[in-house]
Structure formats: C-alpha cells, structure tokens
Amino acid sequence: MIDFGALISNVYGWLKFFHTVSSGYLVAAFFVMGISAWHLIRKNEIEFFNRSFRTSAFFSLFGLALMLTSGAWSAELVAQYQPAKLAAMESQWENVTGASYNLWVIPDPSRERNSVETMGGPKLLSLLAYHDASAEVKGLKSFPKENRPPVWPVFIGYRFMLAFGMAMALLSLISVFIASKGTAEKYGLVLRLLVFAIPLPYLAAQAGWIVAEVGRQPWIVYNVLRTSDAASRSISSAQVIGSLVGFTLLYGFLGFVDIFLLTSNARKGPQSLNPATPSLKEA
C-alpha cells in the first residue's frame, strides 16, 4: 500500500462495494416481501401488509437494477483483469475469437474439455465480456495448470448465482405487478412462492462469493502473491483448526438466535400499543 488515493479510487473496489450493497438491498426486500406475503395469506392486517408488500416489491426492483448493472460491469472487469476466472466461470478451454455463450455445458477438467457443450448463442460471450462480438476470449489452456482456478466450484457457483438472480428478477416483476393492484392478498400462489423465496438472495450472495474467492485462486493478490505464500508460518495447524471450530460454533449459535428472533417476531406482525402502557409524553 503506497498510494491511498489509488486505493480509494479503485474502480473495481467501488464496483464490488455497490454489488455487495445491492445484494443487501435484495436480502431486505425479499425478507419483507416474504413476511408480508405470509401475513396476507392468513388475512392478517391486510391494509398494513399490502403497504409493506408494495414498498418492498418496488424496492426489490431497484435493488435488482443496481445488482444487474454492477454485475454486468463486474463481468467486463473480470474479463479484463482476471481472464482465468472468466474461463473457469464459462468452462472455456480454448482461445476463441467470437466465442459463443453456451447454456448447456458439462465440464470435463480431467481431459481439459467439455463433455457436453450446446445451446450456444453465437459470439455472445465475446460480446458480453468485451462489447465486441469478434473479441478473443482466452481459454484455460492458455494458462499454466498451476495458475488455473478449480473449474467445478467456480462454474457451478456462477450458474447458481445466475439461476437465483433470474428467479428473483421474475418474482420481483410479478410482485410489482400484483402490488400495483393493491389487492396482493388475492394472489395466493405468488404469495406462497415469496415466502419460500426469502432465502434466495442469501443463497445468491454465497454463490457469488464462491465465484469471487475460488475464482481468483491460486492468487490472494492476483498475479502478485499466491495464496500458498500468504499463509502465516507463525501459527500451527492446531491453532487454525481451533479458531475455525470456535468461530463456527459462535456464529452458528448467533445465527440460530437471529433466526429464532426474526421468526418469532415476524409471526406476531404489527403490535398495537397496550392502552394501559403510558406513552412517552405521559411518562
């Protein structure tokens, strides 16, 4: 770190910041939509939960717009600065000019090829990554084996992230449509789907982090410092395992408490003030 100005003006860093923030927006939006849907199914406080449903539905659309914009821009920067990650995300093995985007792919890393590769959009990958349908997309074979990320976790993580994102986009658009009518309680099937959709943004975020962190391996600082060289030599494996177990137990417990409190309070819905309880002014 020799230039703080360069650090805070790093375009990639700001892009990741907004991508992460928009992910948090979607977590909040789908949580409120799901809880509102749960109460609307049971015809609890219909006016109140129609309002909260409408607010969260439109907010989810805003979060998705920010997410998709930052995600598309992020893909461009990945192609520019981390081409091996892009190759792993798409299981692209050969250098190809005007590369297609294939919807159905089954990687075969042991043979450095794809056992299935079909349903492709001609030149679409080059267009998406470089805004040039004739641009060359580097394949994994153009990188030494020791400098390639593991293909399967990155490839699967990327597909799950896209699938969860498309599901959220569809549900968000449908939710905005029914919310605009002001009678969301009449759409029982959509409301039930939204209750089960509460974990979607959580899962999409975790899949995205797998792509981001596993996809840059074997580097902890891309093309500068390998992860194996960044490991501290002053701590033992027992200390690492002990810390991992301790953090897992601690945050597992906190997660359990968090889910319990969220669930119990979400079931109650809005609570009216007890008439016997004095207000702040009266106190």
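In this report, the structure presented in the accompanying data block is examined. (Residues numbered from 1 in each chain as written. Predicted model: local features only at pLDDT ≥ 70, side-chain atom pairs only at ≥ 80, totals over all residues. Heavy atoms only, no water.)

1. Here we look at the overall build of the protein
Link 1 in the chain: The helix and strand inventory of the protein stands at 10 helices and six strands.
Link 2 in the chain: Taking the principal axes of the C-alpha coordinates as reference, the protein spans close to 75 × 50 × 40 Å.
Link 3 in the chain: With 283 residues in all, the protein has 34% of them scored as buried.
Link 4 in the chain: Of the contacts made within the protein by residues no fewer than 6 positions apart, 73% connect residues no fewer than 24 positions apart.
Link 5 in the chain: For the protein, the computed accessible surface area is about 17,300 Å², with 67% contributed by carbon and sulfur atoms. (Helix = DSSP H or I, 4+ residues; strand = E, 2+ residues; numbered from the N terminus. Buried < 20%, exposed > 50% of the residue type's maximum accessible area, 1.4 Å probe, protein only. Contact = heavy atoms within 4.5 Å. Areas by Shrake-Rupley, 256 points an atom, 1.4 Å probe, with all protein chains shown as cover.)

2. Regarding the nonpolar core
Link 1 in the chain: Formed by 23 residues in total, the largest nonpolar core has its most connected members in Phe30, Phe53, Met168 and Leu194.
Link 2 in the chain: Among the secondary structure elements, those contributing two or more residues to this core are α2 (11-41), α3 (46-81), α6 (151-181), α7 (188-196) and α8 (200-215).
Link 3 in the chain: Top element by residues in this core is α6. It accounts for six residues.
Link 4 in the chain: By size, the runner-up hydrophobic cluster in this structure holds 19 residues, among which are Trp93, Val105, Ala129 and Val151. (Core = buried A, V, L, I, M, F, W, Y, C linked by side-chain atoms within 4.5 Å.)

3. Things to note about the pattern of salt bridges
Close approach of charged atoms lets side chains of opposite charge pair.
Link 1 in the chain: Inspection of every chain in the model, using the stated rule, returns eight salt bridges.
Link 2 in the chain: A salt bridge links Arg111 to Asp108; the shortest N-O distance between them is 3.8 Å.
Link 3 in the chain: Using a relative accessible area of 57% as the deciding quantity, one classes Arg111 as exposed.
Link 4 in the chain: For Asp108, a relative accessible area of 14% translates into the label buried.
Link 5 in the chain: Among the salt bridges present, the one from Arg216 reaches Glu213, with a minimum N-O distance of 2.4 Å.
Link 6 in the chain: Judged by relative accessible area, which is 31%, Glu213 ranks as partly exposed.
Link 7 in the chain: Each member of the salt-bridge network shares a partner with another, and the members are Asp108, Arg111 and Arg113. (Salt bridge = Lys/Arg side-chain N within 4 Å of Asp/Glu carboxyl O.)

4. Description of a nonpolar patch on the surface
Link 1 in the chain: On the surface, a cluster of nonpolar side chains totalling about 560 Å² of accessible area is made up of Phe247, Leu250, Tyr251, Phe253 and Leu254.
Link 2 in the chain: Position of Phe253 among the secondary structure elements: in helix α10 (residues 237-268). (Patch = residues over 30% accessible without salt bridge, like charges linked within 9 Å, V, L, I, M, F, W, Y side chains within 5 Å.)

5. Regarding the environment of Gly165
Link 1 in the chain: Relative to the assigned elements, Gly165 resides in helix α6.
Link 2 in the chain: Relative accessible area serves as the criterion here: at 22%, Gly165 is assigned to the partly exposed category.
Link 3 in the chain: Separated by 101 residues in sequence, Gly165 and Leu64 have C-alpha atoms that sit 8.4 Å apart.

6. Structural notes on the packing of α2 against α10
Link 1 in the chain: Contact geometry for α2 and α10: axes closest at 9 Å, N-to-C directions at 45°. Relative to α10, the element α2 is oriented oblique. Crossing angle aside, the handedness with which α2 passes α10 is right-handed. Listed contacts from α10 to Phe31, Ile35, Trp38 and His39 of α2 are Leu262, Ala266, Arg267 and Lys268.
Link 2 in the chain: Here the residues of the contact of α2 with α10 are counted per class, giving five nonpolar, one polar and two charged. (Axes fitted to C-alpha atoms, helices over the stretch in contact; angles between N-to-C directions. Parallel < 35°, antiparallel > 145°, perpendicular 65-115°, else oblique. Left-handed = near helix turned anticlockwise from the far one by under 90°. Nonpolar A, V, L, I, M, F, W, Y, C, P; charged D, E, K, R; others polar.)

7. Structural notes on the side chain of Asn50
Link 1 in the chain: Note on placement: Asn50 falls in helix α3.
Link 2 in the chain: In contact with Asn50, not counting residues within four places along its chain, are Leu40, Gly182, Thr183, Ala184 and Glu185.

8. Digging into a positive patch on the surface
Link 1 in the chain: Residues Arg42, Lys43, Arg192 and Arg267 make up a contiguous surface patch of positive charge.
Link 2 in the chain: Within the secondary structure layout, Lys43 lies in the loop between α2 and α3. (Lys, Arg positive; Asp, Glu negative; His and termini not counted. Charge placed at Lys NZ, Arg CZ, Asp CG, Glu CD.)

9. Overview of the packing of α6 against α8
Link 1 in the chain: Look at α6 against α8: their axes get within 8 Å of each other, and the N-to-C directions meet at 150°. Judged by the inter-axis angle, α6 sits roughly antiparallel to α8. In this structure, α6 crosses over α8, and the sense of that crossing is left-handed. Along its contact with α6, which presents Pro153, Val154, Gly157, Tyr158, Phe160, Met161, Phe164, Ala167, Met168 and Leu171, the element α8 presents Leu200, Pro201, Leu203, Ala204, Ala207, Gly208, Ile210, Val211, Val214 and Gly215.
Link 2 in the chain: Taken together, the residues of the contact of α6 with α8 break down into 17 nonpolar, three polar and no charged.

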